[in-house]
Structure formats: structure tokens, C-alpha cells
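Take a look at the letters that make up each chain.
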Amino acid sequence: MPLGLDEAPRSIYEQALGARFAELHPRIRERFSLHSRSGLAALGTGVMHEVWHNRLAALPLCIGTTRHIMFPQSGCDVPFTIRNYAYRDRFGRETVTWIRSFRFGRQERRFDATMIYSRERGCIVDYLGNRQHLAVDIEAEPSERGGIRIRSGAQRFYEGWLGFRFPELLTGAADVHEWYDDRACRFRIEVRVRNPLLGDVFRYDGSFAGELLEVGQEPPPADVLPRRTEGRE
């Protein structure tokens with residue numbers, strides 16, 4: 001249900017972590033505090049020291065490229081940007097965008113996601129890609145560095161009347177660690193996606209400088225919004 005005017009909104013990560021949200025480094029707390037009334041967006045610009053993919057998974061990664069879900073390219077010192085906007089989707093849910101762009105020469109690859117907090121499931125749900133066909137349960141917890149650790153769980157496919165849970169052998173489990181490096185004054189991130197049969201399927205690690213943008217109550221740019229919004233969680 002939409003919030004009343006007298007209710008103070010909380011970010012989906014505050015809802016998921018509860019009191020443990022206070023354990024996060026102040027800069028991580030700042031990045032993960034965005035909500036639809038905060039009037040802020042987060043922009044990160046940096047370099048991924050390594051982007052790697054498993055060639056045995058090239059075909060599904062290639063298919064994912066068309067939906068902005070990973071891609072079959074590897075490289076070193078890859079220019080990187082990440083854009084986080086908070087808004088309420090058409091179902092009234094607090095939503096945060098994760099628009100990750102990787103520059104390989106003249107070619108840009110994107111890895112898009114939109115996240116909500118599902119009270120029904122008791123966790124964050126991550127809709128992968130620009131059409132929200134894939135819904136993934138997410139467990140988040142503070143890490144020992146004051147960072148945040150995010151691990152994926154059950155994965156579901158939704159399209160029209162169709163909806164089913166993917167068998168574990170056909171999925172990639174993501175392990176994401178983001179923290180703040182006080183010495184370098186930069187955010188650091190490590191991402192690894194593994195499959196039970198193939199092992200590592202996709203991974204990247206690097207660092208970026210972050211800033212908050214004042215956006216007021218303007219809607220997010222059209223190019224960060226999914227083309228399709230899925231109501232099933």
C-alpha cells in the first residue's frame with residue numbers, strides 16, 4: 001500500500017537489515033539509504049580491474065545481452081558507471097535501480113536490475129534485466145569491513161500467464177560484496193556468479209568514486225526504468 005503523508009519512508013535495505021543497518025560504514029549507509037522521497041540519486045564512476053566470463057556459458061550470456069542481464073565479454077581496466085535511482089513503481093512499491101554500464105572500446109554493455117523489498121517473501125526481490133522477467137530472492141547482511149554482502153537465492157521466471165521457479169542447476173548464484181575503502185576514498189566491489197555445474201560463470205571487481213545527485217521529486221530518467229514491470233514477487 002502507498003505510504004501516508006505522515007509515514008517516514010525507509011530504503012528497502014533498511015527494511016531488510018533492520019537494526020543491523022547501523023553496522024554499515026557511513027558511506028555505504030548513505031548509498032543504500034535512497035528512497036522515493038529522499039530527493040537523491042547515486043552515481044558511481046570508476047574502473048573494473050577485471051571483467052570475466054566463462055566461455056562455456058557464452059550462449060546464455062549472449063541471450064542475456066538482449067535483456068541487459070550480463071554479457072559474454074571479458075577485459076581488464078574496463079570503464080564503469082553505476083546509477084541508482086529510487087522511486088515507486090506502478091504497484092506502489094519502493095524500488096531502486098541498479099544500472100551498471102561497462103565500456104569495451106566503443107561498445108557499451110549493461111547489466112540492469114530493479115530491487116524491491118517484499119513483505120510477503122521477507123526479503124529483497126531483485127528483478128534482473130530491463131523487462132523484469134527474472135525475479136531473484138536476495139539476502140543481505142553487513143560484512144566485516146562495514147560493507148554489505150548480498151547473496152542470491154531462489155529464482156523465478158515470469159512472462160504473461162507463465163510463472164515458474166528455475167531448477168538450481170540452470171541458475172547462477174550471485175555473491176556481491178561492496179565496501180568503502182577509506183584510504184583510497186573509493187567504493188570497492190566484487191561480484192561473482194556461479195553455477196553448480198560450470199563453476200564461475202561471470203565475475204568482475206573494481207572500484208568507483210561515488211556522489212549523490214539532488215534530483216528532487218523528478219521521475220528517474222527513462223533509460224534507467226524497466227520496459228516492463230512485473231507485479232509478481
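As the structure is a prediction and not an experimental result, all values here were calculated from the model.

K.L.:
Before we go on, may I ask you to explain the pairing of strand β9 (residues 173–181) in this structure?
P.N.:
Where a strand is regular, its side chains alternate between the two sheet faces. Of the strand pairs in this sheet, strand β7 (residues 148–159) and β9 are connected by four bridges, and their pairing is antiparallel. By the bridge assignment for β9, I150 is matched with V176. Here nine bridges tie β9 to strand β10 (residues 186–195), and the two strands are oriented antiparallel to one another. Of the residues in β10, the one forming a bridge with H177 is E190. Hairpin remark: β9 followed by β10, antiparallel, with four residues in the connecting loop; positive phi at C185, about 55 degrees.

K.L.:
So what exactly am I meant to see when it comes to the environment of G146 here?
P.N.:
Within the secondary structure, G146 is located in the loop between β6 (134–142) and β7. Taking the C-alpha atoms as reference points, G146 and S101, 45 residues apart in sequence, are found 25 Å from one another. Those residues in contact with G146, other than ones at most four positions away along the chain, are E23, L24, H25 and I28.

K.L.:
Honestly, unusual backbone geometry in this entry has me stumped. Any pointers?
P.N.:
Residues other than glycine predominantly adopt negative phi, and peptide bonds predominantly adopt the trans conformation. Of note in the backbone geometry, H68 takes a positive phi value of approximately 60 degrees without being a glycine. Among the secondary structure elements, H68 is positioned in the loop between α3 (58–65) and β2 (75–88). Positive phi, normally seen in glycine, also occurs at D77, with a value near 50 degrees. D77 gets classed as exposed once you look at its relative accessible area, which sits at 53%.

K.L.:
Please explain the pairing of β7 as it appears in this structure.
P.N.:
The pairing of β6 with β7 spans eight bridges and is antiparallel. Each bridged residue has a counterpart across the sheet, and for P142 the counterpart in β7 is I148. Linking β6 back to β7 in an antiparallel pair, the connection comprises five residues, with G146 at a positive phi of about 75 degrees. Across four bridges, the pairing between β7 and strand β8 (residues 162–165) is antiparallel. Paired with Y158 across the strands is G163, a residue of β8. Following β7, the chain reverses through two residues before pairing antiparallel with β8; G160 in that reversal takes a positive phi of roughly 60 degrees.

Reading guide: rules and limits
- Residues numbered from 1 in each chain as written.
- Predicted model: local features only at pLDDT ≥ 70, side-chain atom pairs only at ≥ 80, totals over all residues.
- Heavy atoms only, no water.
- Pairing = 2+ DSSP bridges.
- Helix = DSSP H or I, 4+ residues; strand = E, 2+ residues; numbered from the N terminus.
- Contact = heavy atoms within 4.5 Å.
- Buried < 20%, exposed > 50% of the residue type's maximum accessible area, 1.4 Å probe, protein only.

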